[in-house]
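# Coordinate analysis (summary)
Spelled out, the chains give:
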Amino acid sequence: MAAGDPYVQRCNSGLVGVEGTAISAEVRGSASVIVEDGRRGARVWIPDCVEVWRVAEITRGYKEGDAVLHLRLEDGSALAHPVEFQLPPLCNPDCLSGADDLVALSYLHEPAVLHSLRRRFLEANAIYTYCGIILVAINPYKPLPIYEEEVIYAYSGHETGDMDPHIFALAEEAYKQMVRFGKNQSLIISGESGAGKTVSAKYAMRYFTTIGGCLGDSSMEDKVLASSPIMEAFGNAKTTRNDNSSRFGKYIEIGFSQDHVTGATIKTYLLEKSRVTFQAKAERNYHIFYQLCASAALPELQGLGLRGAETFFYTSQGAAAPCTSDVADLDSTRHAFLLLGVPEADQLELFSILAAILHLGNIVIRGKDRHGDGCSVEPTDEALGLFCTLLGVEATQVTRWLCHRKLVTAGETYLKPLSRQQALDSRDALAKHMYGQVFRWMVSRVNRALRSREGHQTSIGILDIYGFEMFELNSFEQFCINYANEKLQQLFNLHVFKLEQEEYVAEEIPWVFVDFCDNQPCIELIEGRLGILDLLNEECKMPQGSDGSWAQKLYQTHLGSSHFQKPKRPMDAFVVCHFAGKVEYQCDGFVEKNRDTVPEELVGLLRASKSALITELFLEEGDGPVSLQSRRSSGHRMVGRPSRRSLPSSQKSKKSIASQFKASLKRLMETLGSTTPHYIRCIKPNDSKQPFVFDSRRAVEQLRACGVLETIRISASGYPSRWTYQEFLERYRALVSREELMGPDERQICSRALERLLQDPSKYQCGKNKVFFRAGQVAQLEDLRSRRLRGACVLLQRHLRGWLARRRLARARAAAICLQRHARGMLARRLARMLRRTRAAVMLQKTLRMVLARRSYLRLRQAAITIQAFARGMFARRLYQQMVWHQKAVVIQAAVRGWLARSRYARLRRAVIYLQCCRRRVQARRELRRLRVEARSVEHYKELHKGMEIKVIQLQCRLDEQAQEKQRLVEQLSGLNAAHAEEVRCLRAEMQRLREDAARDSQVQRLQERLAELEKHSVKNSLGQEVEELKQRLAEVEAMKLQLGEEKDALIQRMSEQSQDLEEQHQRAVQESQGLLQELEEERARYQSLVQDYARLEQGYENLRDEVAFQRGMEERWQLVPERAQPQPSSEVALNGSVGQDPFEKAYLLLLKQLNAANEELARTREELRRSKAAMELEEKKPLDFLKRRNIAEMLGLGKSPEKAAADDDLKHAYDAMQVANRLLASQLREEKQQHEEEVEGLHLDICSLKQLSQQQAALIQDLQRHQGQEGLQHHVLKLKEENWELAQKLEKQERTTLKLQKQLRAYAKQIQELTVKREATGPAQELGASAAVLSRSSMVPSLAGPSQAMLAWRMEDEGRIIKAIITDYKPQSSPGALPDLPAYILFLCFRHADHCRDEPRANSLLDAAINAIKRVMKKHSDDFDVVALWLANTCRLLNCLRQYGQDESYWQGNTARQNEHRLQNVDPQSFCHSLGALAVQLYQQLIRIAEKRLKPMIVAAMLESEPIQGLSSSCPPGLRRSSAAPAHTLPELLQKLGSFHTALDHCGLAPSVGHQVLRQLLFLVSGTTLNYLLLRKDTCSWSRGIQLRYNISQLEQWLRAEGLLQSGAREVLEPLVQAAQLLQVKKVTEEDAGALCSLCTVLSPQQVVKILRAYTPTAGLEERISPSFISSVELQMQYGGESSQLLVDTSHLFPVHLPFTASPLHLDELRIPDTLDLTFLVRL
């Protein structure tokens, strides 16, 4: 390119420099800031009447002075374009079209901006585009899946250039600046009606409330979002351009404190009140009116007199069809009111005012005469009555002031009748004023609900204001709207130009500070002194002011201004030259709308209304605000006439609409000036509201009006293209020479390269971190780069083609030589083959002839042999057949003769038997008749009763004999007692003598006396109790007999009912089983989510409680430790002193052991009695037989010879003799007691037999009277009664015997303990006490001797020490070599001891304490992956141990014989399994959260931003906002982190399947996050990025293969990412490619595939852009699949976890517990 090129000179002559003026906005006069040659083939933009701009290609080179530019259009037609002042603007390179930021375009002009927006909107379906600091948002008229909560969190925390353009990115930028710098921010959203301003504001509010959350008031977020439906209901309406058009401007200020939302404030501007009384065709009134009319049938709205909207004048003028469900919208509005604290009563009162406005519009006003001098209203008008009733005013007053006007003069007051038109205007003015007051009150109530008491530190404002409007008829509303946009545009220009200059200063490049030409003259024309607004206010103050006189004043004052013009045709109109174009305003209605006149008489009536809300709405300016509650409490107010003086004063003090709007706009500008603004320009693509249809003409009009082109002009005046040095080198490394690469730093390299490439230094500037280019320079660099790459490609192709030709020649020569060699070899082989065949033919002929001759001879020989064989066989078979026939004939004759003889005998035998039967039947019938006659006789009954009476008399005699025997036994017992008492007195005397000889035996004597007394008392009590119990038992048996008879019928009926119920239950179970199986997986996932929620809620409650309990437990342990430590020395003394004991001490210890053994045996016997009733009789005799099994002397060890006894001490003899006597006496008492019990039992059995006889007699009588069919049932019932009675007797008897023995053993144990305490003062007594302590401690463990029982003995008070040692203070590092799940095994061993002792409460307490301790540890180490993994492994191990050694046989299959011996016997661990399973799921989810928290910052950088394959990044197109910093993490770091997780899981001993699930979940996070960012970032959708991504995925797969994790399901979760990478690499041109692509992407959803295709950026010069037809074809083919329509992957989804059962191969008795755990207080059994 030459600098003297004519095309360049002509273009440069039309450029505007920094010091020059702005470029004109006219389409035909717009020029491009370009530097390009006019060679043939260049593409330019030319104006078009339909598409605004069209692309054309130069067919002939341009020369200086040419008047015509020869072009060829896209359709192939030729065009001669005249060149007047400027050449047409050039097109940008194709790689720059569709850039995220329009400022990055090389050629900055209107057609380039329009083309980029159209291409992004239609081809990529991208509705957001940056234009410097502006976010351009195009309304798609179609819901898009880009606003979900996942998208919000995806944009949170990222810079603006890291992600695709989005409103969330701009909101994140504002939020981030507010947090970093503490400065208030603002979002200015503008655009035409229907462009999407309201929706954009709602999305921004939702982003701030989601990211910022709420501080203090948890419902503040809902309140802020609830304000939107209320504002839309009262301030939005349907127009021809928008179904939900905001008819007011609003500024929402969201307050923040500590980065959290604390409240909000809403300010409104310029409500369109004229819509209340008038709507154009196909438009509607405000939504709230139609919502009330649609819900008129509601009970609470019955009294409002509402009907359909078509029956009201104010809602039926537009005749527009409803666009939404008005009933549902009213429900949303009322719900939002409730959220904001507006009660139902206030809502109904507000609805009554709105209904009154509708009825006001239906009031009929008639003229009195044709001249229209007066009007009237019928008193019977229904609408008038409803209006007055709803507002609480008098109908006569309303009628008077609707038709009359009050005139106040100096001395009198007159009533002036109004014409019908004036009355209608007065009525409409009142309606508008009422609705305006209602809207103001509603906004104040919303602000009151959103206001925070604490205030806020910073804020973010959202300005949703109308855009620039220019219609055919423009009135006062359009003037105010355009005035506001002029002020906003001025603020925007100053801000943009300030940012430009600040960046140039920061980069230290030369820049001339100039004042940018803004729109201040236009603003002065409107709001300056004697401006349009001043003249309008002055005209409104004039009594006879009119629109025409105001127009004349405008012409006289401003006709000389450059921004004011007078139209030619209309007289009362004027033209203002705004920044977006000229707008013609009609003066008609300006003065009246500015005055906003409201009839004061009607307002006065409303102030005197009975409604509290009405009086609050229409307060006079001097009154303060009065709440509804205070006004309601003050009672009803009487209607009175308004004051005469109040009317003029209020009229004078009232400000005009223009003054109010000017003041509010000034405050708004001050607010925005104190914030950092962020701009969102909403564009309406078409007027027909069709999805993804782009009307270029309408778009250009809005671009010119919203300031986007102004940003382009400002950027074009300086250096619009900006690249960091790193990006420049990556992109244009091919243009840098080898010598230039030797520079010291990147800046020096770029500077040297640019000096050579761009010879004009004014075309670029090198800053501190960036290089700046003038407009068009990037396009030139791209052209140079494409030429260099093209040359390199040609060089490569030349060498490649030469190499291919040489290789082809070498292959042809080698092929020819090979062919010759093979041909010669073939001929030689053919000759040799012919010679061999000739020789072989001779050999074959000779051999063949020999074979034929031999074959003929053999055939003849074989035929002769065959004939002989067949002949001999025939003769032999004939002889054999004759012999067989003869033998069979003999057998048949014998069988026939035998059958005939047997048949004859059988007939004779049957005849004889028949005769005998007939005879016997006759005799039996005779005997039956005789018995029946005898049975009916009285003598038979007497004989029966006689036998029974004899039996009863015998039994009564037997009872008397037994009573006498009982009396005799009682007398014998009394004699024995007396003898026993005599012996006791002798023993007391002997003990007295012993006490005098040895004082140390006094305690033993007292013990023996106490034993004798206790035994005597116990025997007497037991005999008396037995007699009373027998009497009670007799009465109970009689009652039981009656009860069983009553239960018989109920049992039969219940059996039939239960059989039917069982059949019905079986059918229902079969039907429900299938549904239960289907819901299994869903319930598991739901259960895990519920466990997660429950754990989160439970943890907050348990924290303080557990800590307080733990502290109390520590204090109690410190108090109990010294007390526990005292018995230990005595135990040691007992153990050490066991050697050398005397026989007395041995006997004493032996007695204690036997008592403990008896206690244990009794406990086991009681448990067995409860489990098995069949073994009652056998277990009943065990406690008694135990006492009879040995002799007393053998038990005490005193069966010695007299010679040895004489050798002992006399004291010892005396004591031993006393002991023997006591033992013998005790044994005699036990034998007597046992004998007595046996006798009582015999009497009891006799009584039972008598009762059975009486029952049998009664049953016999009943059987004779009843039908014979009931005999079996009665017998079965009686049998059941007898069995139940016997079992009940046996059970009660066994329980009674067991309780007696337990009482006796407790008494013995108590006496022994007292003896031990008393003997502590002496040495031997201390040794005995120590022995008793040892035995009492060993009593907790039932069996100490024998093989190991694999349990740890512990006490209840040791629970806290156990939990502290193995959970709270447990550190695996302190026990090297120990099992990682050692705490689980220790807990299970302690649990087995509680199970062995049948102590279920102790087992429950231990596991509950363990679970709570693990939760506390998890809360303390909530971010420690290793700790959570350790306790997850221990929880799973404990759960598996409870299953392996539990009572479920399905878990016993892998157990060994030794392990089966250690099964739990008494405690059911099922409930603990559920608790531990829930805890394991909770730990698993916490483990996943910790890992995800560490992985999330690494995923995007490692998978998408890192470049393991160097050199591919240079293929990325320019113009995309990219982060210049190097990626924070790489793929090896990610793999290292995953490897550390896997290693930690293996080290903790977690089951491999659980570890596989963890890694599967983490790789799902990696895949989902990477895919989400791939969908949200256009710069990642390219062929080179697909290569990088596929390489990274292959590295992940290789890591999985190396770790042996391919079968864990982790590979499947990477499949969506694999398909996305393949989608970026495959060919995307033809229909066949579309089919192959659809068959490839089986996991990706259609929306994801289409999103990637639309965002795909082809490599410049190597690929073509994907055509829209190809994308449509893919979209059409993928619609038939049942894939999910979700765009982003839900990375928070957790797969249902499965905790498998893995049996422990370790035997519990082989477990080794390190000494470092300090568990010496536990005793291994």
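Residues numbered from 1 in each chain as written. Predicted model: local features only at pLDDT ≥ 70, side-chain atom pairs only at ≥ 80, totals over all residues. Heavy atoms only, no water.

### Some points on the overall build of the protein
On a plain count of helices and strands, the protein comes out with 53 helices and 25 strands. Out of the 1725 residues in the protein, the part that is buried amounts to 45%. Sequence-distant contacts in the protein: of pairs separated by 6 or more residues, those separated by 24 or more amount to 73%. Accessible surface for the protein amounts to roughly 91,100 Å². Of this, 54% is attributable to carbon and sulfur atoms. (Helix = DSSP H or I, 4+ residues; strand = E, 2+ residues; numbered from the N terminus. Buried < 20%, exposed > 50% of the residue type's maximum accessible area, 1.4 Å probe, protein only. Contact = heavy atoms within 4.5 Å. Areas by Shrake-Rupley, 256 points an atom, 1.4 Å probe, with all protein chains shown as cover.)

### A short note on a positive patch on the surface
Taken together, the side chains of Arg829, Arg830, Arg833, Arg836 and Arg837 present a region of like positive charge at the surface. Position of Arg829 relative to the elements: it lies in helix α27 (residues 777-936). (Patch = residues over 30% accessible without salt bridge, like charges linked within 9 Å, V, L, I, M, F, W, Y side chains within 5 Å. Salt bridge = Lys/Arg side-chain N within 4 Å of Asp/Glu carboxyl O. Lys, Arg positive; Asp, Glu negative; His and termini not counted. Charge placed at Lys NZ, Arg CZ, Asp CG, Glu CD.)

### Examining the packing of helix α25 (residues 725-732) against α27
Where α25 contacts α27, the axes come no closer than 11 Å and their chain directions differ by 35°. Residues Phe728, Arg731 and Tyr732 of α25 touch α27, and the partners they reach there are Val778, Leu781, Glu782 and Arg785. Here the contact of α25 with α27 is built from residues that sort into 4 nonpolar, no polar and 3 charged. (Axes fitted to C-alpha atoms, helices over the stretch in contact; angles between N-to-C directions. Nonpolar A, V, L, I, M, F, W, Y, C, P; charged D, E, K, R; others polar.)

### Here's the deal with the sheet that holds strand β22 (residues 764-766)
Overall, antiparallel pairing links the 3 strands, which are arranged β21-β23-β22 in an open sheet. On the outer flanks of this sheet lie β21 (721-724) and β22, each paired with one strand and no other. When strand polarity is set aside, the average angle formed by the axes of neighbouring strands in this sheet is 15°. Examined bridge by bridge, β21 and strand β23 (residues 770-773) share 4 bridges and lie antiparallel to one another. Across the sheet, residue Arg722 finds its bridge partner in β23, namely Phe772. Contacting β22 and β23, helix α26 (residues 746-757) runs over the sheet at an angle of about 160° to β22. (Pairing = 2+ DSSP bridges.)

### Overview of the sheet that holds strand β4 (residues 78-82)
Here we have 4 strands laid out as an open sheet, ordered β1-β2-β3-β4, and antiparallel in their pairing. Either end of the sheet is taken by a strand with one partner, and the two such strands are β1 (43-48) and β4. For this sheet the average axis-to-axis angle between neighbouring strands, irrespective of direction, equals 50°. Sheet topology note: the β1/strand β2 (residues 52-58) ladder contains 6 bridges and is antiparallel. Note that in β2 the partner of Ile46 across the bridge is Arg54. The strands that helix α2 (residues 110-122) touches are β1 and β2; relative to β2, the one it contacts most, it runs at about 105°.

### Comments concerning unusual backbone geometry
With a phi close to 60°, Lys689 is a non-glycine residue in the positive phi region. Considering the arrangement of structural elements, one finds Lys689 in the loop between β20 (676-683) and α23 (696-706). Even without being a glycine, Arg1398 presents a positive backbone phi close to 55°. Position of Arg1398 among the secondary structure elements: in the loop between α41 (1382-1396) and α42 (1400-1420).

### Brief notes about the confidence of the model for the protein
Put simply, the protein has an average pLDDT of 76, and 73% of its residues get 70 or more. This model gives residues 1-38 a pLDDT under 50, and the stretch forms 93 contacts once residues within four places in sequence are excluded. Low pLDDT, under 50, characterises residues 1267-1273; the stretch is placed with 1 contact to residues that sit more than four places away or in other chains. (pLDDT = per-residue confidence, 0-100.)

### So, the pattern of salt bridges
Using the criterion set out here, one finds 37 salt bridges in the structure. For Arg1577, the salt bridge is made with Glu1505, and the minimal N-O distance between the two is 3.0 Å. Here Arg1577, found in the loop between α47 (1552-1576) and α48 (1583-1603), pairs with Glu1505, found in helix α45 (residues 1470-1505); they are 72 residues apart in sequence, far enough to count as distant. According to the relative accessible area criterion, Arg1577 is buried, its value standing at 7%. Connected via shared salt-bridge partners are Glu192, Lys684, Asp687, Arg698 and Glu701.

### Regarding the pairing of strand β10 (residues 249-257)
The buried fraction of β10 is high, at 9 of 9 residues. Burial along β10 is two-sided: the face carrying Gly249, Tyr251, Glu253, Gly255 and Ser257 and the face carrying Lys250, Ile252, Ile254 and Phe256 are both buried. Judged from the 9 bridges that link them, β10 and strand β11 (residues 260-269) form a sheet pairing that is antiparallel. Counterpart to Tyr251 in the pairing with β11 is Lys267.

### Describing the packing of α41 against α42
Two numbers describe how α41 lies on α42: the axes approach to 8 Å, and their chain directions differ by 160°. As the angle between them shows, α41 and α42 are arranged roughly antiparallel. Taken as a pair, α41 and α42 cross one another with a handedness that is left-handed. Note on element contacts: α42 touches α41 through Arg1402, Ala1403, Leu1406, Leu1407 and Ala1410, opposite Leu1387, Cys1390, Phe1391, His1393 and Ala1394. Along the lines of polarity and charge, the residues of the contact of α41 with α42 split into 8 nonpolar, 1 polar and 1 charged. (Parallel < 35°, antiparallel > 145°, perpendicular 65-115°, else oblique. Left-handed = near helix turned anticlockwise from the far one by under 90°.)

### Regarding a nonpolar patch on the surface
A contiguous nonpolar patch, built from Ile892, Val896, Trp899 and Leu900 and spanning about 420 Å² of accessible area, is present on the exposed surface. Among the structural elements, Ile892 can be located in helix α27.

### With respect to the nonpolar core
Phe208, Phe234, Ile288 and Phe574 are the most contacted members of the largest nonpolar core, which totals 341 residues. Of all the elements, α45 adds the most residues to this core, at 19 residues. (Core = buried A, V, L, I, M, F, W, Y, C linked by side-chain atoms within 4.5 Å.)

### Description of the pairing of β20
Across the 8 residues that make up β20, a large majority, 8, are buried. Of the two faces of β20, the one lined by Thr676, His678, Ile680 and Cys682 and the one lined by Pro677, Tyr679, Arg681 and Ile683 are each fully buried. Of the strand pairs in this sheet, strand β6 (residues 134-138) and β20 are connected by 5 bridges, and their pairing is parallel. The partner of Val136 across the bridge, within β20, is Arg681. One ladder, built from 7 bridges, connects strand β7 (residues 185-191) with β20; its direction is parallel. The partner of Ile188 across the bridge, within β20, is Tyr679.

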